[in-house]
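# Observations on the three-dimensional arrangement
Below are the chains, spelled out letter by letter.
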Amino acid sequence: MSADTLVWVAAVVVAVVAIVAVGYAVLRQRRRHRLRDRFGPEYDRTVRERENRREAEQELLAREQRFDSLDIRPLSPEARQAYAKKWTEVQERFVDAPGFSVTEADQLVTSVMADRGYPTEDFEQRIADLSVAHGRTLDHYRKAHEISGRAVRQAASTEELRQAMVHYRALFEELLEAPGSRGADDGSPRNAPRSGSPRNGSPREGSLGERPSRDHSPRHAEAGSGQAREDTRTD
């Protein structure tokens, strides 16, 4: 084989390797963008908690695979209405028993998850499964669950309990979304806390309790903290 031939073969090999490397880099970048879009803030959180970005992305891909293996199903219209009514009842009890109401809210969210097909035995696994379709409201759930745990020990203030109700409602309303509506969990990046009018069967906006002289509403708490801001809605 002549020297010119060897040079030509080497050049071809280098070109092929370069093309493959560029293609791999492009595919990896596309996968990264897709994961960012799908998981939202949960992507950055996972990257911070792992040793490197590659390990974090592998974990998120594993969550997607597990999610696809689950039998996640929508609630029936009747079930959505029933859960919405239960949530209203929990809110109404907040004035007289805020700690108990937060515990009820935690149990109610867990019940909705179970009816939707999410495993609920382990909290960390719940977080991982929810992150695929509800990554943008997952931090609300974490904060609410943490406050709920302290409420059981009577170590949470009334203001924190109000905030817990706000946080629970962010995820609760997403879980109640009807199929095909904006926010319904189909794994797309649109699963963010919605703004706009309520859908059929979603919990009504309202105060925590019925006594106007004692403002224990989640909206009041949101105005004070700036967290989990709810949109104004009409019946």
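Residues numbered from 1 in each chain as written. Predicted model: local features only at pLDDT ≥ 70, side-chain atom pairs only at ≥ 80, totals over all residues. Heavy atoms only, no water.

This brings us to the overall build of the protein. Broken down by element type, the protein carries 9 helices and 0 strands. Start at the N end of the protein and walk to the C end: the helices and strands fall as α-α-α-α-α-α-α-α-α. Sorting the 235 residues of the protein into buried and exposed places 43% on the buried side. Summarising the internal contacts of the protein: among those between residues at least 6 apart in sequence, 68% fall at separations of at least 24. With an accessible surface of roughly 12,400 Å², the protein has 53% of that area assigned to carbon and sulfur atoms. (Helix = DSSP H or I, 4+ residues; strand = E, 2+ residues; numbered from the N terminus. Buried < 20%, exposed > 50% of the residue type's maximum accessible area, 1.4 Å probe, protein only. Contact = heavy atoms within 4.5 Å. Areas by Shrake-Rupley, 256 points an atom, 1.4 Å probe, with all protein chains shown as cover.)

Turning to the nonpolar core, a few remarks are in order. By size, the foremost hydrophobic cluster in this structure holds 40 residues, and its most contacted members are Leu-130, Tyr-141, Tyr-168, Phe-172 and Leu-175. Looking at this core, the elements that each hand over two or more residues are α1 (3-39), α2 (41-49), α3 (53-69), α4 (77-92), α5 (98-116), α6 (123-134), α7 (138-152) and α8 (158-175). For Leu-175, the contacting residues outside a window of four places in its chain are Leu-75, Val-109, Val-112, Met-113, Arg-116, Tyr-118, Leu-130 and His-134. (Core = buried A, V, L, I, M, F, W, Y, C linked by side-chain atoms within 4.5 Å.)

Two measures define how a pair of helices packs: the angle their axes make with one another and the distance between the axes. Contact geometry of α4 with α8 gives a least axis separation of 13 Å together with a crossing angle of 175°. Taken together, α4 and α8 sit at an angle that is classed as roughly antiparallel. Residues Tyr-83, Ala-84, Trp-87, Val-90 and Gln-91 of α4 form the contact with α8, whose own contacting residues are Met-165, Tyr-168, Arg-169 and Phe-172. Class assignment of the residues belonging to the contact of α4 with α8 gives a composition of 7 nonpolar, 1 polar and 1 charged. (Axes fitted to C-alpha atoms, helices over the stretch in contact; angles between N-to-C directions. Parallel < 35°, antiparallel > 145°, perpendicular 65-115°, else oblique. Nonpolar A, V, L, I, M, F, W, Y, C, P; charged D, E, K, R; others polar.)

Within the sequence span of α2, burial applies to Glu-42, Tyr-43, Thr-46 and Val-47. All buried residues of α2 project into a common sector of 140° when viewed along the axis, lining one side. (Arc of directions from axis to C-beta.)

Right, let's get into the pattern of salt bridges. Applying the stated criterion across every chain, the model contains 17 salt bridges. Put simply, Glu-59 and Arg-50 hold a salt bridge, and the shortest N to O gap is 2.4 Å. By relative accessible area, which is 25% here, Arg-50 ends up partly exposed. As a salt-bridge pair, Arg-162 and Glu-159 come within 2.8 Å of each other at their nearest N and O atoms. Note that Arg-162 and Glu-159 are positioned in helix α8 at a spacing of 3 residues, about one turn of the helix. Overall, the relative accessible area of 33% leaves Glu-159 in the partly exposed class. Three or more residues joined by partner-sharing salt bridges are found here, namely Glu-42, Arg-45, Glu-49, Arg-50, Glu-59, Arg-63, Asp-139, Arg-142 and Lys-143. (Salt bridge = Lys/Arg side-chain N within 4 Å of Asp/Glu carboxyl O.)

From the geometry alone we can't say anything about function, so treat these as descriptive.
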